[in-house]
Amino acid sequence: MESNILNKVQTDLRNFNPDVYTKIDVENTLLKESLDIDDFATLLSPVAEDFIEEMAYRSKIETSNQFGNSISLFTPLYISNYCENSCIYCGFNLQNKIQRGSLSFEEIEEELIAISKTGLQDILLLTGESKSTSLEYIGGAVKLASKYFNLIGLEIYPVDVEDYKFLHFCGADYVCTYQETYNKDQYLKCHLNGPKSNYEYRFNSQERAIKGGVRKVAFGSLFGLGDFRADAFATGLHGHYIQQKYPQSEISFSFLRLRPFIHQNLKYGTDVSERQLLQLILAQRLFTPFADITISTREDSQFRDGVVGIGVNRMSAGVSVGVGGYAEDLKGDEQFEIQDTRSVKEIKNFLYKKGFQPVFNNYIYL
Amino acid sequence: MEDPLIIGDKKFSSRFILGSGKFSLDMTSKVMETSGAEIATIAIRRANQNGEGNILDYIPENLVLLPNTSGARTADEALRLGRLARELGCGEFIKVEVIRDSKYLFPDNYETIKATKLLYDEGFIPMVYMMPDLNVAKDLEKSGAEAVMPLAAPIGSNKGLLTKNFIKILVDEINVPIIVDAGIGSPSQACEAMEMGVDAIMANTAIATANNIVQMAKAFKLAIEAGRYAYLAGLGRVLNLKSQASSPLTGFLK
């Protein structure tokens with residue numbers, strides 16, 4: 001598939017130098033009405049870290065103008081953790097000796113029923129990448145999910161346009177594909193074997209998904225794998241260019257840091273502090289005020305509660321990241337350790353208490 | 001003084017249409033009551049039928065519902081949303097919104113005209129969100145629009161009457177009510193639009209993002225009434241024409 005977006009992002013990334021910006025640049029950027037690519041880079045710079053309060057102030061206003069006090073809630077459901085990839089940062093990687101499992105359609109339905117009882121209407125189905133999680137299997141799971149949920153997202157391996165079309169036909173509303181790191185050398189070091197080692201094919205997923213009819217696409221990096229400022233810059237631009245090229249599409253950004261997982265032996269990556277993660281979120285909100293920004297349960301409740309409404313407008317609730325785990329016991333081990341273990345009810349109560357309106361559904365398929 | 005706003009075959013005494021998004025559902029009835037609004041817009045795509053947080057459960061019964069077709073990217077999707085609104089018991093009024101730009105949320109005037117025709121043909125009373133353009137407004141009238149709702153500024157921007165001069169042209173040329181929708185950020189801007197002769201104001205973000213939502217709803221109500229009175233009274237000499245020439249221009253007349 002011909003696309004110029006990869007070239008654009010790579011070019012911008014080559015020119016990205018967060019160390020050139022000064023305090024005056026940051027101050028000027030924060031006075032601008034709308035931000036261009038250079039402004040985005042400015043807000044991602046080390047210097048801008050000192051302006052986090054000013055950024056948060058403006059980000060809160062932008063978030064409120066766009067979404068009011070609404071916070072969308074969803075939950076992920078892992079239907080399989082079989083995986084042929086060897087992503088060194090992931091608990092599901094091929095070499096990791098964990099308990100593997102896939103849910104049968106009956107088991108999926110039980111899980112769906114259990115989750116739907118919490119009132120959620122937005123569910124994200126996840127798999128690893130393996131022959132046991134065929135397109136037909138995923139399509140079947142989506143069809144089941146559409147019996148109980150209005151919005152069905154997929155976080156699965158990248159597929160072709162025709163396959164996205166099939167999944168959309170089954171009921172998939174949005175697709176998340178995270179590039180993990182946009183630095184190609186680093187990407188190849190982290191994705192040693194398996195189909196995920198194809199950087200370009202993964203990069204073009206969102207565009208293929210849109211061509212397959214999907215309404216919303218999500219972008220993300222796993223901050224800490226590479227230079228996190230560069231990855232945040234590239235992630236934001238990837239979404240920016242996709243939205244420019246396909247203005248009808250909704251774009252969404254997820255903010256994830258490396259998390260510990262079972263049997264891990266971390267010899268790579270850099271620490272990204274909470275303050276830095278917050279800076280990336282705020283810069284993204286100011287650059288793309290209209291986009292969804294999701295915060296992961298990888299972060300603890302104090303951080304998640306803090307970023308809600310000052311940048312984040314979407315969060316997961318009542319999360320299990322093992323295979324299954326909502327209706328029955330886990331059938332497979334977890335992908336990573338979650339930090340925020342609160343139930344849907346607890347998250348809702350927190351939101352109400354803070355004056356937010358939990359939103360369960362914001363799109364209807366007819 | 002009776003001065004009703006007439007849309008379709010319905011008469012309203014309030015000229016304030018209030019959006020129900022962007023603030024807590026349990027405040028809805030209080031905000032609506034204080035605003036004096038008789039029409040409330042709701043996003044059908046937000047309706048969560050039989051589920052939690054269903055906006056339809058929160059709108060006071062005496063209000064006329066104005067479901068919108070937000071989320072529609074084509075005329076056909078707008079039509080289907082309209083039909084769903086009808087099934088949900090929202091009545092015949094429909095706020096037509098067709099948007100294919102997720103960044104600025106500008107209305108797609110071309111598809112909007114088509115959607116208006118489709119909805120009108122199925123018996124709806126279309127009130128149509130549009131980018132102020134005279135030709136489009138005329139086409140909307142021909143397509144069955146019962147009200148034309150030009151934007152003042154990008155939605156949610158609270159920037160005020162950026163398109164003032166174009167809206168004034170619609171006020172002068174279009175026969176159905178003109179309702180300014182989107183972009184109004186403060187009561188003074190709402191008042192300014194009313195003084196200019198628009199028939200009503202639709203607002204949401206300006207109220208939803210205020211520190212005190214209920215008080216702001218009241219402030220808008222009063223400003224809209226003040227603007228209407230000013231329009232009806234006929235503004236005095238506020239035109240900023242240049243001072244008169246020192247020797248009379250018409251001195252040559254015999």
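This one's a predicted model, so the numbers in the text were calculated from it and none came from an experiment.

Enquirer: Sorry if this is basic, but what is going on with the interface of chain B and chain A here?
Expert: One frequent convention defines the size of an interface as the accessible area lost when the parts assemble. Counting residues at the interface gives 27 residues for chain B and 26 residues for chain A. Mapped by element, the contributors of at least two residues to the side of chain B that touches chain A are helix H2 (75-87) and helix H7 (205-208) of chain B. When residues in the side of chain B that touches chain A are grouped by element, the largest group, 3 residues, is from H2 of chain B. In terms of residue class, the side of chain B that touches chain A is built from 6 nonpolar, 12 polar and 9 charged.

Enquirer: When you look at helix H4 (residues 134-142) of chain B in this model, what are you seeing that I'm missing?
Expert: Note: α-helices contain 3.6 residues per turn, so residues at a spacing of three or four share the same orientation. Residue and element names in this part refer to chain B. What H4 keeps buried is the set Val136, Ala137 and Leu140. Viewed along the axis of H4, the buried residues span an arc of 100°, placing them on a single side of the element. Within H4, the exposed residues directed more than 90 degrees away from the buried face are Asn135 and Lys142. Packed against the buried residues of H4 are helix H3 (109-121), strand E7 (125-130), strand E8 (147-150) and helix H5 (164-173). Among the residues trailing H4, Gly144 stands out with phi positive, at a value near 110°.

Enquirer: Before we go on, may I ask you to explain the nonpolar core in this structure?
Expert: One recurring pattern in soluble globular proteins: nonpolar side chains tend to sit buried together. Leu73, Ile123 and Leu125 of chain A are the most contacted members of the largest nonpolar core, which totals 102 residues. Those residues in contact with Ile123 of chain A that sit more than four places away from it in its chain are Phe74, Thr75, Leu77, Ile115, Ala145, Phe149 and Ile152 of chain A.

Enquirer: Sorry if this is basic, but what is going on with the pairing of strand E3 (residues 151-155) of chain A here?
Expert: One face of the sheet, then the other: side chains in a regular strand alternate in exactly this way. All names here are of chain A. For E3, a buried count of 4 out of 5 residues is recorded, marking the element as mostly surrounded by other parts of the structure. Sheet topology places strand E2 (residues 122-126) next to E3; 5 bridges connect them, and they run parallel. Considered in E3, the bridge of Leu126 is made with Glu155. After leaving E2, the chain enters helix H6 (residues 135-148) and then returns to the sheet as E3, a path that is right-handed. For E3 and strand E4 (residues 174-176), the ladder comprises 2 bridges, and the chain directions are parallel. Of the residues in E4, the one forming a bridge with Gly153 is Tyr174. Handedness of the β-α-β unit built from E3, helix H7 (residues 161-170) and E4 comes out right-handed.

Enquirer: Can you help me understand the environment of Met32 of chain B in this one?
Expert: All names here are of chain B. As for its placement among the helices and strands, Met32 is situated in helix H1 (residues 28-35). Judged by the 22 C-beta atoms lying within 10 Å of it, Met32 falls in the buried class. Each residue touching Met32, except ones within four places of it in the same chain, is listed here: Leu18, Ala37, Ala40, Pro60 and Leu63.

Enquirer: Help me understand the confidence of the model for chain B in this model?
Expert: Note that predicted coordinates carrying low pLDDT should not be read in detail. Across chain B, the average pLDDT comes to 89, with 96% of residues at or above 70. This prediction of the complex comes with two scores: 0.86 for pTM and 0.75 for ipTM.

Enquirer: I keep staring at the packing of helix H5 (residues 105-116) of chain A against H6 of chain A and nothing clicks. Help me out?
Expert: Angle between the axes and distance between the axes are the two parameters that describe a pair of packed helices. Residues and elements named next belong to chain A. Relative to each other, H5 and H6 sit at 30°, their axes nearing to 10 Å. Between H5 and H6, the angle is such that the two are roughly parallel. Our pair here, H5 against H6, has a crossing hand that is right-handed. Here Phe105, Ile108, Glu109, Leu112, Ile113 and Ser116 of H5 come into contact with H6, specifically with Gly140, Ala141, Leu144, Ala145 and Tyr148. Tallied by class, the residues present in the contact of H5 with H6 amount to 8 nonpolar, 2 polar and 1 charged.

Rules used in this analysis
Residues numbered from 1 in each chain as written. Chains lettered and ligands numbered in written order. Predicted model: local features only at pLDDT ≥ 70, side-chain atom pairs only at ≥ 80, totals over all residues. Contact = placed C-beta atoms within 7 Å. Helix = DSSP H or I, 4+ residues; strand = E, 2+ residues; numbered from the N terminus. Nonpolar A, V, L, I, M, F, W, Y, C, P; charged D, E, K, R; others polar. Buried ≥ 20, exposed ≤ 12 C-beta atoms within 10 Å, placed from the backbone. Arc of directions from axis to C-beta. Core = buried A, V, L, I, M, F, W, Y, C linked by C-beta atoms within 7 Å. Pairing = 2+ DSSP bridges. Right-handed = clockwise from strand over helix to strand, strands pointing away. pLDDT = per-residue confidence, 0-100. Axes fitted to C-alpha atoms, helices over the stretch in contact; angles between N-to-C directions. Parallel < 35°, antiparallel > 145°, perpendicular 65-115°, else oblique. Left-handed = near helix turned anticlockwise from the far one by under 90°.

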